[in-house]
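Structure assessment
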Amino acid sequence: MPAFMVLMLMLMASLLLQGCSSIKFNTNVLDVGEQNIRANDVDVYSQQYVFNRQYKDLGNVDASYCQQDRPTDLNKIAPSDESLIKSLKAQVQRRGGNALVVHECKRSSYGQCSLLIECRGTGYLID
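What this report covers is the structure whose coordinates are included nearby. Note that the coordinates shown come from a computational prediction; the quantities given were computed from them, not determined experimentally. (Residues numbered from 1 in each chain as written. Predicted model: local features only at pLDDT ≥ 70, side-chain atom pairs only at ≥ 80, totals over all residues. Heavy atoms only, no water.)

What follows is about the overall build of the chain. Helices and strands together make up the secondary structure of the chain, namely five helices and four strands. Starting at the N terminus and walking to the C terminus, you meet the elements of the chain as α-α-β-α-β-α-α-β-β. The buried share of the chain, reckoned over its 127 residues, is 26%. Look at the contacts in the chain between residues 6 or more apart in sequence, and 74% of them connect residues 24 or more apart. Counting only carbon and sulfur atoms, one obtains 56% of the accessible surface of the chain, whose full area is about 9,200 Å². (Helix = DSSP H or I, 4+ residues; strand = E, 2+ residues; numbered from the N terminus. Buried < 20%, exposed > 50% of the residue type's maximum accessible area, 1.4 Å probe, protein only. Contact = heavy atoms within 4.5 Å. Areas by Shrake-Rupley, 256 points an atom, 1.4 Å probe, with all protein chains shown as cover.)

Right, let's talk about the state of the cysteines for a bit. Per the counting criterion, the structure on display carries two disulfides. There is a disulfide in this structure between cysteine 66 and cysteine 113, and the S-S distance comes to 1.9 Å. Its S-S torsion of approximately -110 degrees makes the covalent link between cysteine 66 and cysteine 113 left-handed. With cysteine 66 in strand E2 (residues 55–67) and cysteine 113 in strand E4 (residues 113–126), this pair connects stretches of sequence that are 47 residues apart. Judged by its relative accessible area of 11%, cysteine 113 is buried. Disulfide pairing places cysteine 105 opposite cysteine 119 at an S-S distance of 2.0 Å. Classification of the bridge connecting cysteine 105 and cysteine 119 rests on its S-S torsion, roughly 120 degrees, and on that basis the disulfide is right-handed. With cysteine 105 in strand E3 (residues 99–110) and cysteine 119 in strand E4, the pair connects residues that are 14 residues apart, well separated along the chain. Here the chain pairs its bonded cysteines, counted in sequence order, in the arrangement 1-3, 2-4. (Disulfide = S-S within 2.5 Å.)

An order of E1-E3-E4-E2 is seen for the four strands of this open sheet, with the pairing classed as mixed. Edge positions in the sheet fall to strand E1 (43–44) and E2, since each of these pairs with one other strand and no more. Taken together, the two bridges between E1 and E3 define a ladder with parallel strand orientation. Its bridge partner lying in E3, valine 44 is registered against leucine 100. With respect to the sheet, helix H5 (residues 81–94) is in contact with E1, E2, E3 and E4, its orientation differing from that of E2 by roughly 140 degrees. (Pairing = 2+ DSSP bridges. Axes fitted to C-alpha atoms, helices over the stretch in contact; angles between N-to-C directions.)

The next subject is the pairing of E4. For E4, the buried fraction is high: 10 of the 14 residues fall into the buried class. Across 12 bridges, the pairing between E2 and E4 is antiparallel. Note on E4: the bridge partner recorded for tyrosine 55 is isoleucine 126. Where E3 folds back onto E4 in an antiparallel hairpin, the turn is made up of two residues, including glycine 111, whose phi is positive at roughly 55 degrees.

Once that is clear, we can look at the pairing of E3. Pairing between E3 and E4: 10 bridges, direction antiparallel. Its bridge partner being in E4, valine 102 is matched across the sheet by glycine 121.

With respect to the element layout, asparagine 52 can be found in the loop between helix H3 (47–51) and E2. Sequence spacing of asparagine 52 and isoleucine 126 is 74 residues, and the spatial spacing of their C-alpha atoms is 10.0 Å.

In structure tokens:
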């Protein structure tokens, strides 16, 4: 291969690599994966079940979703209650807990949210 062709290939490869070095990929794959792993360590119980055991109250947890009537939101599918509860479970696990009591998940509209989904609960560490 002539030296000129090798030089051109090296120059093109250099420009290509330099151009790609500023590309950033925004993804929540790691966040979702971490949440799934954390949520697997927490079980949902009734309040009575927790109170009949040795427990430590870790406080309230909540998760919400707001769907607005913007063009970018119209094609989005609202998350299920189960996906919001998974978020609650991950919050409990981050606090060192292994039990969640779900108090409520409700759907409404409020302010700019044509659909507002809110889930609340309390996290516990039970023996």
